[in-house]
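The primary structure of each chain is shown beneath.
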Amino acid sequence: MKSKNLVISTLFLFAILFSFQVSAREFYQIKVYTIKDKAQENTMDKYLKNAYLPALHKAGISTVGVFKPIETDAAAGTKIFVFIPLKDLNQINVLDEKLLKDQQYQNAASEYMNAQYDNPPFQRIQSILIKAFPEKPHFSVPNHKTPASDQIYELRSYQGPTEKLWRQKVKMFNQGGEIGIFTELNFNAVFYGGVISGADMPNLMYMTSFSDMESNKAHWDAFRTHPDWEKLKNEPEYANTVSHIDKWLCHPAEYSDIK
């Protein structure tokens, strides 16, 4: 009898642990490389494709997204966004240590690492750390059938005027049902999350994706006229929760794992 109880208790414990692992919210790092010209873009592409992404894969991060603003976006030719999903924040420290010890990475990254002061591969790097929202604790990889050069990945950042009002906007996405509307309308979101470290706090960020620009426009038209959104946006508790919006329309790089 004791043996049977022990087995039941062990199975119950494993069930709890499995449930925790499945529901645990992920973290994301978005590295934003600011570049000034095509030469820097080419150097960054070579570095990311041949050195950085392979090193991340080797370190256990199998899916990394790389995105560039489309030709008609105001940021075209000036930014490269790298989306890195993390199981926990300690992975950043561990990753840096692994890269320093990875000779294969060091060799592949030689041009990038040894660039001269008067010919740098980028202008600046910004690192943004994000915690996934409870309504979408894990990132997704869309399954678009169109070429990467047609696909649109829309990255948005919503700043709040105060921390309290920002938290209300976070609530609007989760308990309020904004994510639910996006899901119903098949916005193919990669992630939704709150920024825990970055330049524009308090803010949240999310990325939706579309097969092409026509699909992007059609989805947003459907969202704006959705009856649930018409009701939600007029709820008094969500008034004045966003003071500024940044958005970038991007194509995935041809070497991106997400495309």
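Note that the coordinates shown come from a computational prediction; the quantities given were computed from them, not determined experimentally.

## As for the side chain of Gln-151
- Checked against the element boundaries, Gln-151 lands in the loop between strand S4 (124-132) and strand S5 (152-159).
- A distance of 2.7 Å separates the side chain of Gln-151 from the backbone oxygen of Thr-146, its partner in a polar contact.
- In this structure, Gln-151 is in contact with His-144, Thr-146, Phe-210, Ser-211, Cys-250, His-251, Pro-252 and Lys-259, ignoring residues within four places of it in sequence.

## Brief notes about the pattern of salt bridges
- Tallying each qualifying case throughout the model produces 13 salt bridges.
- For Asp-221, the salt bridge is made with Lys-217, and the minimal N-O distance between the two is 3.0 Å. Separated by four residues within a single helix, Asp-221 and Lys-217 lie in helix H8 (residues 213-224), roughly one turn from each other.
- A relative accessible area of 34% places Asp-221 in the partly exposed class.
- Residue classification places Lys-217 among the exposed residues on the basis of a relative accessible area of 54%.
- The structure contains a network of salt bridges with shared partners spanning Lys-38, Glu-41, Asp-45 and Lys-68.

## Notes on H8
- Taking 1.5 Å per residue as the helical rise, H8 with its twelve residues ought to reach 16 Å, and the 17 Å between its terminal C-alpha atoms agrees with that figure.
- For H8, every residue scored as buried is listed here: Ser-215, Asn-216, His-219, Trp-220 and Phe-223. In a view along the axis of H8, the buried residues occupy a sector of 130 degrees, so they form one face of it. The exposed residues of H8 that point more than 90 degrees off its buried face are Glu-214 and Lys-217.
- Where H8 is buried, its residues touch S5, helix H7 (178-184), strand S7 (203-210), helix H9 (227-232) and strand S8 (244-252).

## Points about the environment of Ala-109
- Mapped onto the elements of the fold, Ala-109 is located in the loop between helix H4 (103-108) and helix H5 (110-113).
- On the accessibility criterion, Ala-109 (1% relative accessible area) is buried.
- Along the backbone, Ala-109 and Gly-193 are 84 residues apart, and their C-alpha atoms lie at a distance of 31 Å.
- Sequence-distant contacts of Ala-109, defined by excluding residues within four places in its chain, comprise Tyr-47 and Ala-51.

## As for the pairing of S8
- Inspection of the sheet shows strand S2 (residues 65-69) paired to S8 by three bridges, in the antiparallel sense. The residue of S8 that forms the bridge with Pro-69 is Cys-250.
- Both S5 and S8 contribute to a ladder of seven bridges, which runs antiparallel. Bridge assignment links Tyr-158 to a residue of S8, and that residue is Ile-245.

## What about the environment of Glu-178?
- In this structure, Glu-178 sits in helix H7.
- Given a relative accessible area of 2%, Glu-178 falls into the buried group.
- Here the alpha-carbon distance between Glu-178 and Phe-223, two residues 45 residues apart in the chain, equals 9.9 Å.
- Ignoring any residue separated from it by four or fewer positions in sequence, one finds Glu-178 in contact with Lys-169, Met-172, Phe-173, Phe-223, Trp-229 and Leu-232.

## Details of the confidence of the model for the protein chain
- Confidence in the prediction for the protein chain averages 93 pLDDT; 91% of positions are at 70 or higher.
- In the model, residues 6-22 has pLDDT below 50 throughout and makes two contacts with residues more than four positions away in sequence or in other chains.

## Remarks on the sheet that holds S8
- With antiparallel pairing, eight strands are arranged side by side around a closed barrel as S1-S3-S2-S8-S5-S7-S6-S4. Pairs of neighbouring strands in the sheet enclose a mean axial angle of 35 degrees, with direction left out of account.
- The sheet strands contacting helix H2 (residues 38-58) are strand S1 (27-34), S2 and strand S3 (79-86), and the helix crosses S3 at an angle near 10 degrees.

## Focus on the packing of aromatic side chains
- Overall, the coordinates contain 29 aromatic pairs when judged by the stated rule.
- For the ring pair Phe-67 and Tyr-153, a centre distance of 4.9 Å and an interplane angle of 35 degrees mean the geometry is tilted. Of this pair, Phe-67 sits in strand S2 while Tyr-153 sits in strand S5; the two residues are 86 residues apart in sequence, bridging distant segments of the chain. Taken as a pair, Phe-67 and Tyr-153 share a single burial class, namely buried.

## Points about H2
- End to end, H2 covers 29 Å across 21 residues, agreeing with the expected 30 Å (1.5 Å per residue, within 8%).
- At Leu-48, H2 shows its maximal bend, which comes to roughly 45 degrees.
- Residues of H2 that are buried: Gln-40, Glu-41, Thr-43, Met-44, Asp-45, Tyr-47, Leu-48, Ala-51, Tyr-52, Leu-53, Ala-55 and Leu-56.
- Considering only its buried residues, H2 is in contact with S1, S2, S3, helix H3 (90-101), H4 and H5.
- By the N-cap criterion, in which a side-chain oxygen at the helix start approaches the backbone nitrogen of a residue two or three places on, H2 is capped by Asp-37, the distance to Ala-39 being 3.3 Å.
- Note on H2: the residue one or two positions beyond its end, Gly-60, has a positive phi of about 105 degrees.

Conventions used here
- Residues numbered from 1 in each chain as written.
- Predicted model: local features only at pLDDT ≥ 70, side-chain atom pairs only at ≥ 80, totals over all residues.
- Heavy atoms only, no water.
- Helix = DSSP H or I, 4+ residues; strand = E, 2+ residues; numbered from the N terminus.
- Polar contact = N/O pair within 3.5 Å; in protein donor to acceptor, adjacent residues only side chain to side chain.
- Contact = heavy atoms within 4.5 Å.
- Salt bridge = Lys/Arg side-chain N within 4 Å of Asp/Glu carboxyl O.
- Buried < 20%, exposed > 50% of the residue type's maximum accessible area, 1.4 Å probe, protein only.
- Expected span 1.5 Å × (residues − 1).
- Arc of directions from axis to C-beta.
- Pairing = 2+ DSSP bridges.
- pLDDT = per-residue confidence, 0-100.
- Axes fitted to C-alpha atoms, helices over the stretch in contact; angles between N-to-C directions.
- Phe/Tyr/Trp six-rings, centres within 6.5 Å; stacked < 30°, edge-to-face > 60°.
- Bend = angle between axes of the 7 residues up to and from the residue.

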